[in-house]
Amino acid sequence: MPEAHAHAGPLRHHFADLDQQQESSALGMWLFLVTEILFFGGLFTVYTIYRHLYYDAFSAGSHHLSWKLGFANTLVLIGSSLTMAMAVHSAALGQKGRIVLFLLLTILLGGAFLGVKYVEYSEKILPCLGDGPHAGCLVPGARFDASALHLEGKEAREVQLYFSLYFGMTGIHALHMIIGIPILALLAWLAHRGRYSALWHTPVEMVGLYWHFVDIVWIFLFPLLYLIGHH
Amino acid sequence: MSEHDSQHRRHVVPVPVYLAVFAALCVGTVLTVTAAGHDFGALNTPIALGIAATKAILVILYFMHVRYSPRLVTLMVSAGFAFLALLILFIMSDYVSRPWPIVPGS
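Model, not experiment: these values are computed from the prediction. (Residues numbered from 1 in each chain as written. Chains lettered and ligands numbered in written order. Predicted model: local features only at pLDDT ≥ 70, side-chain atom pairs only at ≥ 80, totals over all residues.)

J.: Could you clarify how one ought to interpret the overall build of chain B in this entry?
T.: Secondary structure summary: chain B contains four helices and zero strands in total. Going from the N terminus to the C terminus, chain B shows its helices and strands as α-α-α-α. Sorting the 106 residues of chain B into buried and exposed places 19% on the buried side. (Helix = DSSP H or I, 4+ residues; strand = E, 2+ residues; numbered from the N terminus. Buried ≥ 20, exposed ≤ 12 C-beta atoms within 10 Å, placed from the backbone.)

Structure below.
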């Protein structure tokens with residue numbers, strides 16, 4: 001295989017054409033996302049069983065969250081999915097400047113989501129720190145303070161499972177975004193350098209798939225964690 | 001390359017479609033909160049999950065381009081959700097059909 005042919009343009013020599021190359025990437029990315037679906041699926045199954053067992057405690061825990069913050073964050077994340085879709089759209093049209101613009105907007109909205117998450121987490125975690133009384137501490141464990149939720153006895157213990165799942169599921173979701181944002185920044189830099197064209201912009205498309213997947217997870221997390229028994 | 005050029009022009013989704021999907025997702029989010037404020041009895045959770053699943057399908061079909069992707073991608077996505085259904089279905093069938101939880105003193 002002559003060197004010149006092997007490295008001509010974005011087409012790798014083991015693919016017949018760019019379409020086949022792009023479809024292979026999409027298939028591989030989806031295979032990864034399938035493992036992610038099953039990974040989060042395990043957590044959702046655990047959630048389902050414990051919510052069924054300890055419904056009253058889960059409802060009390062859910063009422064303590066601010067549904068307004070969750071609602072606002074849902075809209076922010078959906079907005080970031082729109083800007084991500086627009087980045088891919090701009091790439092498909094070969095509009096370099098607009099790829100960068102929409103990727104930066106996606107980063108901004110993703111950062112706003114994490115900012116709200118920081119506010120939500122800190123009011124639950126900060127009371128647990130230090131030596132003094134830990135009133136309002138909602139991290140499951142020895143310092144957990146169920147009086148903030150007006151719960152005692154059996155339910156005071158059960159609600160810790162709700163908060164374990166709350167921190168676990170939203171934490172892993174947030175981790176996905178924390179991983180995604182630097183990748184978006186790298187894409188924006190490479191797009192700025194003119195790496196992507198209408199003919200080949202597969203990385204933008206694949207990271208888009210990842211970002212939309214993270215959005216889908218939140219679409220399920222919002223009603224399941226923030227809106228239990230709100231009627 | 002020239003004979004391949006027409007094939008390389010993959011489907012570009014028009015911007016209004018993205019905006020319509022975004023609007024539908026926002027409406028779905030408002031609907032989720034509104035529905036949670038009413039008591040539909042045993043239907044509370046199915047309604048919340050139904051709205052969430054509809055939103056997820058919109059994202060998958062349009063934002064993630066599965067509607068415009070080759071059949072093999074559609075098959076991969078469907079297989080993923082089929083295995084998710086298996087995971088939940090079999091664990092739940094086990095859970096409802098035996099004494100559980102097995103906790104001393106409970």
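Don't stop here, the text continues.
J.: Got a minute to help me understand unusual backbone geometry in this structure?
T.: In most cases, non-glycine residues show a negative phi, while peptide bonds are predominantly trans. A positive phi angle, near 55°, is found at His 150 of chain A, a position not held by glycine. Here His 150 of chain A lies in the loop between α5 (96–125) and α6 (154–192).

J.: What should I look at first to understand helix α3 (residues 44–63) of chain B in this one?
T.: Along its 20 residues, α3 of chain B runs 28 Å from first to last C-alpha, staying within 8% of the 28 Å computed at 1.5 Å per residue. Every buried residue of α3 of chain B is accounted for by Ala 48, Ile 51, Ala 52, Lys 55, Ala 56, Val 59, Ile 60, Tyr 62 and Phe 63 of chain B. The inward-facing, buried residues of α3 of chain B abut α4 (67–92) and α7 (202–226) of chain A together with α2 (15–36) and α4 (71–96) of chain B. Remark: His 65 of chain B follows α3 of chain B within two positions and exhibits a positive phi of approximately 65°. (Expected span 1.5 Å × (residues − 1). Contact = placed C-beta atoms within 7 Å.)

J.: Looking at this structure, I do not really get the interface of chain A and chain B. What am I missing?
T.: With 38 residues of chain A in contact, the opposing surface of chain B contributes 39 residues. Breaking the side of chain A that touches chain B down by element, the ones donating at least two residues are α2 (18–53), α4 and α7 of chain A. Broken down by element, the side of chain A that touches chain B gets its largest block of residues, 14 residues, from α2 of chain A. Residue composition of the side of chain A that touches chain B, grouped by class: 26 nonpolar, eight polar and four charged. (Nonpolar A, V, L, I, M, F, W, Y, C, P; charged D, E, K, R; others polar.)

J.: I'm lost on the confidence of the model for chain B in this one. Help?
T.: Detailed reading of predicted coordinates is not advised where the pLDDT is low. Residues and elements named next belong to chain B. Of the residues in chain B, 84% reach a pLDDT of 70 or more, and the chain-wide mean stands at 87. Confidence, expressed as mean pLDDT per element, reaches its minimum in chain B at helix α1 (residues 5–8) with 44 and its maximum at α2 with 97. Note that pLDDT drops below 50 for residues 1–9; the model gives that stretch six contacts with residues more than four away or on any other chain. Taken over the whole predicted complex, pTM reads 0.91, whereas the ipTM for its chain interfaces reads 0.91. (pLDDT = per-residue confidence, 0-100.)

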